[in-house]
Amino acid sequence: MTACPTSIDIPLFIRQIATGTPEAAAKTILDQNILGGMCARVCPTETLCEEVCVREVAEGKPVEIGRLQRYATDTLMAAGKHPFTRADATGKKVAVVGAGPAGLACAHRLAMLGHDVVVFEARVKGGGLNEFGIAAYKTTNDFAQKELDWLLSIGGIEIRYEQALGQSVTLDGLQDDFDAVFLGMGLSAVNALRLEGEDKDNVSPAVDFIADLRQADDLTTLPVGRRVVVIGGGMTAIDAGVQAKLLGAEDVTIVYRRGQEAMAASKFEQDLARQKGVRLICNATPVGIEGNGSLRAVTFAYTETRDGKLVTLDETFTLPADQLFKAIGQKLGDMPDALALDGGKIAVDAAQKTNLAHVWAGGDCASGGDDLTVTAVAEGRDAAMDIHATLTGAS
């Protein structure tokens, strides 16, 4: 429970499954994590709850908590049930920016507490990274949209699509029109390699590749190179590499600038990539993108860590490539000047409050948390509780 960012009562829901009441188990899960179905599919349980399971410590093999959570939540959703009802209307209206995990968790908890919520989403569909940023083989059968529809069935939540902050709507306007605002728009900009040739054909962000794949009706229309190189060491790099291999790429290589132990992708994800035929190269950083007009190869320099600092060495090597995916992280898009930032993200306190009155933030766009779906859900939920306390005079 302590290792779970949403503090699900894991022993209780396992006992509920064991006694033949999976729907009760699902309610226990969803009470803390309303996106428990998706988290059961994508959460790195092997480095969270399962890593500190007593059976892992004692026997080296944990209870498979993620699979049990999936069983319970899928059982409830298949029955078409929503375990929560709205409280009496409070007459308060809250704006939520972003229909990703943080925004949806915040919106659902606020609706459950009796507030009316309007979600402003920049894209044409909701779900955020659950819909656009996670490999298709992890979330099959349009699960993200099914979970979104199920979540909205509580009532009291309106989603307005193609409404981006700073374009269709402004923070000042939302502050004027609503009693509170929650910012959960994620990270919309992509870090650059800052190398000459980055604008060549077939050099693109890995997140765009994943998003295009998730929205494609016909996978045969997706352009996938024969020799694919992915730069990065996180979950997105693994997702892009594995997806490229599954779609027919002959040779896929993921290159990471630090040692394998420093990769943000879990060992499970790294092993999965190798099992699918993806090669991992560590301690190498890109120094050149080769080709005349279109991509031909990528040149890397070896690296090593000295006194805690990454040092680029003189020795280089070149990988033939006709497609290059950048998975070196994302960053916050343009924000209102009045909003304080911390380390390139929106600064928040322990209750997810920003420096502006009646404005909260959570998820990847906010400082302090891990870039995980489960963490975003926890921050959205906690912000909703603080918003509720503020609007009802309980804080």
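Residues numbered from 1 in each chain as written. Predicted model: local features only at pLDDT ≥ 70, side-chain atom pairs only at ≥ 80, totals over all residues. Heavy atoms only, no water.

### Considering helix H5 (residues 65-78)
Inference 1: Its 14 residues place the ends of H5 20 Å apart at the C-alpha level, agreeing with the 20 Å of an ideal helix rising 1.5 Å per residue.
Inference 2: Residues of H5 that are buried include every one of Ile65, Gly66, Gln69, Ala72, Thr73, Leu76 and Met77, and no others. Down the axis of H5, the smallest arc covering the buried residues is 130°, so these residues share one side. Across from the buried face of H5, at angles greater than 90 degrees, the exposed residues are Arg67 and Ala78.
Inference 3: If you follow the buried residues of H5, they end up packed against helix H1 (10-18), helix H2 (22-32), helix H3 (36-42) and helix H8 (143-152).
Inference 4: Of the residues one or two after H5, glycine 80 is the one with positive phi, at around 70°. (Helix = DSSP H or I, 4+ residues; strand = E, 2+ residues; numbered from the N terminus. Expected span 1.5 Å × (residues − 1). Buried < 20%, exposed > 50% of the residue type's maximum accessible area, 1.4 Å probe, protein only. Arc of directions from axis to C-beta. Contact = heavy atoms within 4.5 Å.)

### A word on helix H10 (residues 206-215)
Inference 1: Taking burial as the measure, the ten residues of H10 include seven buried ones, the bulk of the element.
Inference 2: Of all the residues in H10, the buried ones are Ala206, Val207, Phe209, Ile210, Ala211, Leu213 and Arg214.

### Topic: the sheet that holds strand E12 (residues 309-320)
Inference 1: One open sheet accounts for three strands, arranged E10-E11-E12; its pairing is antiparallel. In the strand order of this sheet, the two ends are held by strand E10 (284-290) and E12, each with one partner. Each strand axis lies, on average, 25° off the axis of its neighbour in the sheet, ignoring direction.
Inference 2: Judged from the six bridges that link them, E10 and strand E11 (residues 297-306) form a sheet pairing that is antiparallel. Among the inter-strand pairings, isoleucine 289 is bridged to a residue of E11, identified as valine 298. (Pairing = 2+ DSSP bridges. Axes fitted to C-alpha atoms, helices over the stretch in contact; angles between N-to-C directions.)

### Brief notes about the pattern of salt bridges
Inference 1: Under the counting rule described, the total for this entry stands at 16 salt bridges.
Inference 2: The partner of lysine 267 in a salt bridge is aspartate 271, and the shortest N-O contact between them spans 2.9 Å. Of this pair, lysine 267 and aspartate 271 are both found in helix H12 (residues 267-275), four residues apart, which corresponds to roughly one turn of the helix.
Inference 3: Take aspartate 271: its relative accessible area is 26%, and that puts it in the partly exposed class.
Inference 4: Among the charged side chains, a network of salt bridges with common partners joins Arg41, Arg70 and Asp74. (Salt bridge = Lys/Arg side-chain N within 4 Å of Asp/Glu carboxyl O.)

### Things to note about the UniProt feature "domain: Dihydroprymidine dehydrogenase" (unreviewed entry) in the chain
Inference 1: Here the UniProt feature "domain: Dihydroprymidine dehydrogenase" (unreviewed entry) sits at residues 2-79.
Inference 2: Here residues 2-79 runs as 60% helix and 0% strand, with 30 Å between its end C-alpha atoms. (UniProt positions renumbered as here; feature names shortened; annotations may be inferred.)

### Some points on the sheet that holds strand E17 (residues 359-361)
Inference 1: Spatially, the five strands line up as an open sheet ordered E3-E2-E1-E4-E17, and their pairing is parallel. Only two strands of the sheet have a single partner each, and these edge strands are strand E3 (157-161) and E17. Ignoring strand direction, the axes of neighbouring strands in this sheet form an average angle of 20°.
Inference 2: Pairing geometry for strand E1 (residues 93-97) and strand E4 (residues 180-183), over four bridges, is parallel. Each residue of the ladder has a partner; that of valine 96, found in E4, is phenylalanine 182.
Inference 3: The sheet strands contacting helix H13 (residues 373-391) are E1, E4 and E17, and the helix crosses E4 at an angle near 170°.

### Topic: the state of the cysteines
Inference 1: Inspection of the entire model under this criterion finds zero disulfides.
Inference 2: Lacking any disulfide linkage, cysteine 4 is separated from the closest cysteine sulfur, that of cysteine 49, by 6.5 Å.
Inference 3: Cysteine 43 supplies the cysteine sulfur nearest to cysteine 49, a cysteine that is in no disulfide, at a spacing of 6.4 Å. (Disulfide = S-S within 2.5 Å.)

### Describing the side chain of glutamate 50
Inference 1: Inspection of the secondary structure assignment puts glutamate 50 in the loop between H3 and helix H4 (54-59).
Inference 2: One buried charged residue, glutamate 50, remains without a salt bridge, the closest side chain of opposite sign being arginine 67 at 8.2 Å.
Inference 3: A polar contact of 3.1 Å, which involves the side chain of glutamate 50, links it to the backbone nitrogen of glycine 66.
Inference 4: When residues no more than four places from it in sequence are discounted, the contact partners of glutamate 50 are Thr45, Glu56, Pro62, Val63, Glu64, Ile65 and Gly66. (Lys, Arg positive; Asp, Glu negative; His and termini not counted. Polar contact = N/O pair within 3.5 Å; in protein donor to acceptor, adjacent residues only side chain to side chain.)

### What about the pairing of E1?
Inference 1: Of all five residues in E1, four are buried; the element is thus mostly enclosed.
Inference 2: Across five bridges, E1 lies against strand E2 (residues 116-121) in parallel orientation. Opposite alanine 95, over in E2, you have valine 118 as the bridge partner.
Inference 3: Each parallel crossover has a hand, and for E1 linked through helix H6 (residues 101-112) to E2 it is right-handed. (Right-handed = clockwise from strand over helix to strand, strands pointing away.)

### A closer look at the packing of aromatic side chains
Inference 1: Summed over the entire model, instances satisfying the criterion amount to four aromatic pairs.
Inference 2: Seen from their ring centres, phenylalanine 120 and phenylalanine 178 are 6.0 Å apart, and the 90° between their planes marks the pair as edge-to-face. Within this pair, whereas phenylalanine 120 is found in strand E2, its partner phenylalanine 178 is found in the loop between helix H9 (171-177) and E4, the two being separated by 58 residues in sequence. By the burial criterion, phenylalanine 120 is buried, and phenylalanine 178 matches it.
Inference 3: The interplanar angle of 40° and the centroid separation of 4.9 Å between the aromatic rings of tyrosine 302 and phenylalanine 317 together place this pair among those described as tilted. Of the two residues, tyrosine 302 is situated in strand E11 and phenylalanine 317 in strand E12; the sequence distance between them amounts to 15 residues.
Inference 4: Taking the relative accessible area as the measure of exposure, phenylalanine 317 reaches 15% and is therefore buried.
Inference 5: Lying across the ring of phenylalanine 178, lysine 93 places its NZ or CZ 4.9 Å from the centre.
Inference 6: Here the basic side chain of arginine 123 rests over the ring of phenylalanine 132, its NZ or CZ set 4.0 Å away from the ring centre. (Phe/Tyr/Trp six-rings, centres within 6.5 Å; stacked < 30°, edge-to-face > 60°. Lys NZ or Arg CZ within 6 Å of the ring centre and 35° of its normal.)

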